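Structural features, examined
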Amino acid sequence: MTASLSSTQSQTLKRTVLGARRLSNIFWAVVLTLGGLGFALAGASSYLKQNLLPFADPTQLVFIPQGIAMGFYGVAALGLATFLWVVISLDVGGGYNSFDKVSNRLQIVRKGFWGENRRIEIDHPLEEVTAVRVAIKEGLNPKRTLYLRIKGRPDIPLTRVGQPIPLSDLENQGAELARFLQVPLEGL
């Protein structure tokens with residue numbers, strides 16, 4: 001999440017939130033595509049008894065059960081890869097958080113899938129913000145998230161999903177936002 005102050009210096013704060021277009025997602029989509037294609041071609045080669053792979057000879061595999069298992073794994077991997085490519089192309093989860101003291105509004109925008117959920121937008125007056133909360137969970141699956149507390153609503157996450165951001169960055173972003181909004185910082 002990157003922060004930038006606009007030309008009205010200290011009147012507007014806008015932070016960009018990284019979505020699904022991350023190098024790690026692209027890496028896994030490529031791996032799943034290549035692996036799935038290899039397994040599907042191996043299964044098809046064992047059924048057709050014709051080598052479709054330039055680097056191996058899967059025609060020696062017995063179609064039932066080995067060829068069918070290879071084909072199933074290939075189709076499953078290609079299905080997951082297709083889903084991941086769609087999520088990457090739509091940049092699901094990407095967007096921005098905007099806090100504007102001039103218009104006295106906060107706007108949280110994220111990209112979703114298609115249809116009515118393609119663009120998710122939350123718009124509230126700044127005076128309804130009660131606090132900025134930092135949630136830290138360490139361990140095997142660490143989570144470091146910045147939340148916005150608004151009267152009458154559940155806490156709204158402000159940080160990206162996925163790889164946790166460094167603790168110092170999270171603390172700095174939380175402190176900067178709490179200072180900007182003039183609300184308390186909770187959770188530290």
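Residues numbered from 1 in each chain as written. Predicted model: local features only at pLDDT ≥ 70, side-chain atom pairs only at ≥ 80, totals over all residues. Heavy atoms only, no water.

1. Quick word on the overall build of the protein
The following threshold applies: By the criteria applied, helices consist of DSSP H or I runs no shorter than four residues and strands consist of E runs no shorter than two, each listed in order from the N terminus. The size measure is the radius of gyration over C-alpha atoms, and the globule rule it meets is 2.2 Å times the number of residues to the 0.38 power.
Scanning the protein from terminus to terminus reveals three helices and nine strands. Start at the N end of the protein and walk to the C end: the helices and strands fall as β-β-α-α-β-β-β-β-β-β-α-β. In terms of overall dimensions, the protein is more spread out than a globule: its C-alpha atoms have a radius of gyration of 23 Å, far above the 16 Å expected for 188 residues. When its C-alpha atoms are laid out on the principal axes, the protein stretches across 70 × 35 × 30 Å.

2. As for the nonpolar core
Heads up, the rule is: Residues enter a nonpolar core if they are buried and are Ala, Val, Leu, Ile, Met, Phe, Trp, Tyr or Cys, with the set joined through side-chain atoms within 4.5 Å. With a 1.4 Å probe rolled over the protein chains alone, any residue whose accessible area is under 20% of its type maximum counts as buried; one over 50% counts as exposed, and the rest are partly exposed.
Counting residues in hydrophobic clusters, the biggest one holds 21 residues, and the most contacted among them are Phe99, Leu106, Val132, Leu148, Leu177 and Leu181. Counting residues per element, the ones that place at least two in this core are β4 (105-111), β6 (129-137), β7 (143-150) and α3 (167-181).

3. Some remarks on helix α2 (residues 63-90)
Threshold: Helices are assigned an expected span. That span is 1.5 Å times one less than the residue count. The contact criterion used throughout is that any non-hydrogen atoms of two residues lie within 4.5 Å.
Spanning 28 residues, α2 covers 38 Å between terminal C-alpha atoms, matching the ideal 40 Å at 1.5 Å per step. At its buried positions, α2 is contacted by α1 (23-48) and β4. Immediately beyond the C-terminal end of α2, within one or two residues, lies aspartate 91, with a positive phi of roughly 55°.

4. Details of the UniProt feature "transmembrane region" (unreviewed entry) in the protein
This is how the line gets drawn: UniProt positions are given in the numbering used here, feature names are shortened, and annotations may be inferred rather than shown by experiment.
As recorded in UniProt, the feature "transmembrane region" (unreviewed entry) lies at residues 26-48 and 68-88. For residues 26-48, the end-to-end C-alpha separation is 32 Å, with 100% helix and 0% strand making up the annotated structure. Here residues 68-88 is 100% helix and 0% strand, with 30 Å between the C-alpha atoms at its ends.

5. What about the domain arrangement of the protein?
Stated formally: An automatic or database domain assignment supplies the residue ranges for each domain. Here the quantity called buried area is the total loss of accessible area, with a 1.4 Å probe, experienced by two parts when brought into contact, counted for both. Each salt bridge in this description consists of a side-chain nitrogen of Lys or Arg and a carboxyl oxygen of Asp or Glu lying within 4 Å of one another. The definition of a polar contact used here is a pair of N or O atoms within 3.5 Å, where within protein one atom must be able to donate a hydrogen and the other to accept one, and adjacent residues in sequence count solely through side-chain atom pairs. Side-chain classes are defined by residue name, with Ala, Val, Leu, Ile, Met, Phe, Trp, Tyr, Cys and Pro counting as nonpolar, Asp, Glu, Lys and Arg as charged, and the others, Gly among them, as polar.
Partitioning the protein into domains gives domain 1 (23-90) and domain 2 (93-186). Spacing between the C-alpha centres of domain 1 and domain 2 amounts to 40 Å. Of the residues lining the interface, four residues belong to domain 1; the matching set on domain 2 comes to five residues. Taken over both partners, the interface formed by domain 1 and domain 2 buries close to 320 Å², and the fraction arising from carbon and sulfur atoms is 76%. Remark: the boundary between domain 1 and domain 2 carries zero salt bridges. In this structure, the connection of domain 1 to domain 2 is made through one residue pair in polar contact (both at pLDDT 80 or more). Classifying every residue of the side of domain 1 that touches domain 2 gives four nonpolar, no polar and no charged.

6. Concerning the sheet that holds β7
How we decide: Only strands that DSSP links by at least two bridges are regarded as paired with each other.
Read from one edge to the other, the open sheet built from four strands follows the order β8-β7-β6-β9, with strand pairing classed as mixed. Each end of this open sheet is capped by a strand with a single partner; those strands are β8 (156-157) and β9 (185-186).

7. A word on the packing of aromatic side chains
Here is the rule: The rule is short: rings of Phe, Tyr and Trp, with Trp giving its six-membered ring, pair when the centres are within 6.5 Å, and they are stacked under 30 degrees, edge-to-face over 60, tilted in between. As a reminder, the over-ring test applies to NZ of lysine and CZ of arginine, requiring each to be within 6 Å of the ring centre and within 35 degrees of the ring normal.
Within the structure shown, the criterion is met by five aromatic pairs. Geometrically, the ring pair formed by phenylalanine 72 and tyrosine 73 is tilted, given 5.9 Å between the ring centres and 55° between the ring planes. The rings of Phe39, Phe72 and Tyr73 are connected pair by pair, giving a single aromatic cluster. In this arrangement the basic side chain of lysine 14 is found over the ring face of tyrosine 96, its NZ or CZ atom lying 4.2 Å from the centre.

8. Concerning the pairing of β4
For a regular strand, side chains alternate in direction, first toward one face of the sheet and then toward the other. Where strand β3 (residues 95-100) lies against β4, six bridges are found, and the strand directions are antiparallel. Paired with phenylalanine 99 across the strands is leucine 106, a residue of β4. Joining the antiparallel neighbours β3 and β4 is a turn of four residues, in which asparagine 104 adopts a positive phi near 60°. Looking at chain direction, β4 and strand β5 (residues 119-125) are connected through seven bridges and run antiparallel. Bridging from a neighbouring strand, valine 109 pairs with glutamate 121 of β5.

9. Thoughts on the layout of surface pockets
Let me state the cut-off plainly: Here a cavity denotes a set of grid points, spaced 1 Å apart and computed over the protein atoms alone, in which a 1.4 Å probe fits but from which it cannot get out, and a pocket denotes an open set meeting protein on both sides within 12 Å along at least five of seven lines; residues with an atom within 4 Å of a point are reported as lining. Grid points are joined across faces, edges and corners, and a volume is the space filled by probe spheres set on the points.
Taken as a whole, the largest pocket holds about 270 Å³ of empty space. Those elements that provide at least two residues to the lining of the largest pocket are β4 and β7. Of the residues belonging to the lining of the largest pocket, the class tally is eight nonpolar, five polar and four charged.

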